[in-house]
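For reference, the chains in residue letters:
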Amino acid sequence: MRVVFFLLFSLLLLSGVVSPLRDIPHSSCSSKLHEHQHMNSSGVHFTLHHPRGPCSPASLQELSFSDVLQHDVLRVSGLTSRLTTTKHRHRHRASSLATNHPSLVSVPLTPGSSLGVGNYITKIGLGTPASYFSMVVDTGSSLTWLQCSPCRISCHDQSGPLFDPSASSTYHSVPCSSAECSGLQSATLNPSACSSSHVCIYEASYGDSSFSVGYLSKDTLTIGSSPALSGFTYGCGQDNEGLFGHSAGLIGLAKDKLSLLSQLAPKLGNAFSYCLPTMSSTGSLSIGSYDPSHFVFTPLVKSSLDNSLYFVKLSGIKVGGKVLSVPASTYSDTPTIIDSGTVITRLPPDVYTELSSAVSNALSKYPSAPAYSLLDTCFKGSAAGLAAPEVVVVFEGGAEWNLATRNVFIDVDDGTTCLAFASAGRVAIIGNRLQQTFKVVYDVANSKLGFAAGGCG
Ligand SMILES: *[C@@H]1O[C@H](CO)[C@@H](O)[C@H](O)[C@H]1NC(C)=O
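Quick caveat: nothing in here was measured; it's all calculated off a predicted structure.

Novice: What am I meant to see in the overall build of the protein here?
Specialist: For the protein, the helix and strand inventory stands at ten helices and 31 strands. Counting over 457 residues, the protein shows a buried share of 58%. Contacts spanning at least 24 positions in sequence make up 74% of the contacts within the protein whose residues lie at least 6 apart. Of the roughly 16700 Å² that the protein leaves accessible, carbon and sulfur atoms contribute 55%.

What follows is the structure in C-alpha cells.
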C-alpha cells in the first residue's frame, strides 16, 4: 500500500488539449486565473484547467508530449474495445476487496496506462463540513469517485489530503441491497460486490488497465460554498491505480443514471456545457440550463454499442472550401463519439487519408517533416506560422464546425507542426484538440450537441 499524500479534492474534468511544450507561456500560474466554482439559478459552474497548464491544481506538467500521445493511443484502444468487443473482464477486483485480501488485488500498473492524461481538471466539495478536491472531468465514464482514507490498498499521489469519510457528518455508505448498487453494472460495466458488512463495492475500470475500487457512498456535494446535492452517490476509492495525475479522483459526465450529470439533472436540467481551455487560459464547465441562441446543433444519436457515451454523425469535411471526395457511407459506417478526454481526433481511415492529402497539397510550399508518434502529416514550421487552409467539419443536419488553425495543427517540437488528426480503428472520435476554445453543449434532454466559437474566458 502506497503512502498517500495530501490532496486537494478538486474535480479536474476536461479533456485535455495537448499543446507542445513550446506553447507554455509561463511555468507559474498567473493570479488572474482564479478558481471559480459557484451555483446560481441557471446551474452549477466550474473553472476548468488544462491538464498540463500551470494553473491546474493537479498538473501533469512533468509529462512529455510524446507520453501524452502514447496515453491517447491507450485511451482510444480502451474505448474502441469497449465498443466493439464482447464484454468480458479478466477478473473482478471488487470481489477481491470484499474478501479483504489486498495482496491479491493490487496489480501494479506500468506508468503509462491511464486515462487522466488528456482530461481537464476542476474542483468540487464533498462532505460536511466540505473539503475540496481536484478531479479529472470525463465524458467517457459515468461513476464519480475519489480516493478515500483509510486507503486500504493503494492510492496515487494526490495534491492535498484524502477525503476522510469519518470527518463528515453527512457521509453514508450504500448498502448492497440498494438500487444504486444494482445500478453499478450499467454505470461501470462491471458487476458490484458486497463487503462482509453489506456495503456495496464498485469497480470503475478504464479499458487501459487503470481502475478504482472501493465503497459506494453518499454525501453532500458542494459547489463553491453552496450545497448542490445532498445524498450524492459516488465511489470512495480504496484501490486506485493508474495515471490520474495528482487529481483526487474523477467526475463522470457520461449519460448513465449514476453520473454526476444525471444526479444533478432533476434539479438543474439534463445538459452540460464546457469550454476546454488552452494551456495558458482558463475554461469552464456548467451543468444546467444554457442559452441556445449562439449554438449550431447536430443530433446526439443513440447507438446499440453503448448507452452512456455521446454519439454524433459526421457528414463531411471541407478543406479550403472544398468537400473531401469520400462517399457518404464512409462516415455513416463508422460510429463516432465526441469525447473530452481523447486528444487527437480519429477519423474513418478513408476520410483521414483524404484530409491528409488535401492538407498536404495546400501546404506544399512548406517542407514536410517526419511523422511524430501517431501523427503522420507533419511540416517544418509552427501552427501559428502556417498559412493553413480552413478546415470545416460538417455534422448531420448540416452543422458546420469551423476550426481555427490551432484546432487543426499541433506543434510537436520546436520547428515541427503536425495535423492533429489520425486514422480511427472501428470507432471515430471527436477529440479535445479540435474542441479547444469552443463552447460545446451536450443537451442530453433534447438529444442534441451544440457548438459555438469563442467559448473560453
Ligand atoms: C450564473 O453564472 C454563470 C457563470 O458565472 C453566468 O454565466 C450566468 O449568467 C449566471 N446566471 C444567472 C441566471 O445569474
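Novice: Help me understand the site of the ligand in this model?
Specialist: Around the ligand, the neighbouring residues are H38, N40, S41, S42 and H45. Take H38: an N or O atom from its side chain is 3.1 Å from an oxygen atom of the ligand. Take S42: an N or O atom from its side chain is 3.4 Å from a nitrogen atom of the ligand. Burial of the ligand by the protein chains amounts to 42% of its free accessible area of 360 Å². A breakdown of the residues in the shell around the ligand according to their chemical character gives no nonpolar, five polar and no charged.

Novice: How should I be thinking about the nonpolar core in this particular structure?
Specialist: Nonpolar side chains tend toward joint burial in soluble globular proteins. By size, the foremost hydrophobic cluster in this structure holds 76 residues, and its most contacted members are I287, L355 and W401. Split by domain, the residues of this core number at least three in each of domain 1 (2-288) and domain 2 (292-452). If we ignore the near neighbours within four places in the chain, the residues touching L355 are I317, V319, L324, L347, V391, L419 and F421. In this structure, V174, Y202, Y206 and L250 belong to the second largest nonpolar core, which totals 16 residues.

Novice: What should I look at first to understand the state of the cysteines in this one?
Specialist: Here a disulfide denotes one covalent bond, and it connects the sulfur atoms of two cysteines. Under the counting rule described, the total for this entry stands at six disulfides. One disulfide in the model links C176 with C194; its S-S distance is 1.9 Å. Around the S-S axis, the bridge from C176 to C194 shows a dihedral of about 100° and counts as right-handed. Pair noted here: C176 is in the loop between β7 (172-173) and α4 (179-182) and C194 is in strand β8 (residues 193-194), with a separation of 18 residues, a long-range link.

Novice: Looking at this structure, I do not really get the environment of S364. What am I missing?
Specialist: By the element assignment, S364 lies in the loop between α8 (349-362) and β22 (368-369). Between the C-alpha atoms of S364 and F379, which are 15 residues apart in sequence, the distance is 9.3 Å. Among the polar contacts made by the side chain of S364, one reaches the main-chain carbonyl oxygen of N361 at a distance of 3.2 Å.

Cut-offs and rules
- Residues numbered from 1 in each chain as written.
- Predicted model: local features only at pLDDT ≥ 70, side-chain atom pairs only at ≥ 80, totals over all residues.
- Heavy atoms only, no water.
- Helix = DSSP H or I, 4+ residues; strand = E, 2+ residues; numbered from the N terminus.
- Buried < 20%, exposed > 50% of the residue type's maximum accessible area, 1.4 Å probe, protein only.
- Contact = heavy atoms within 4.5 Å.
- Areas by Shrake-Rupley, 256 points an atom, 1.4 Å probe, with all protein chains shown as cover.
- Near = heavy atom within 4 Å.
- Polar contact = N/O pair within 3.5 Å; in protein donor to acceptor, adjacent residues only side chain to side chain.
- Nonpolar A, V, L, I, M, F, W, Y, C, P; charged D, E, K, R; others polar.
- Core = buried A, V, L, I, M, F, W, Y, C linked by side-chain atoms within 4.5 Å.
- Domains from an automatic or database assignment.
- Disulfide = S-S within 2.5 Å.

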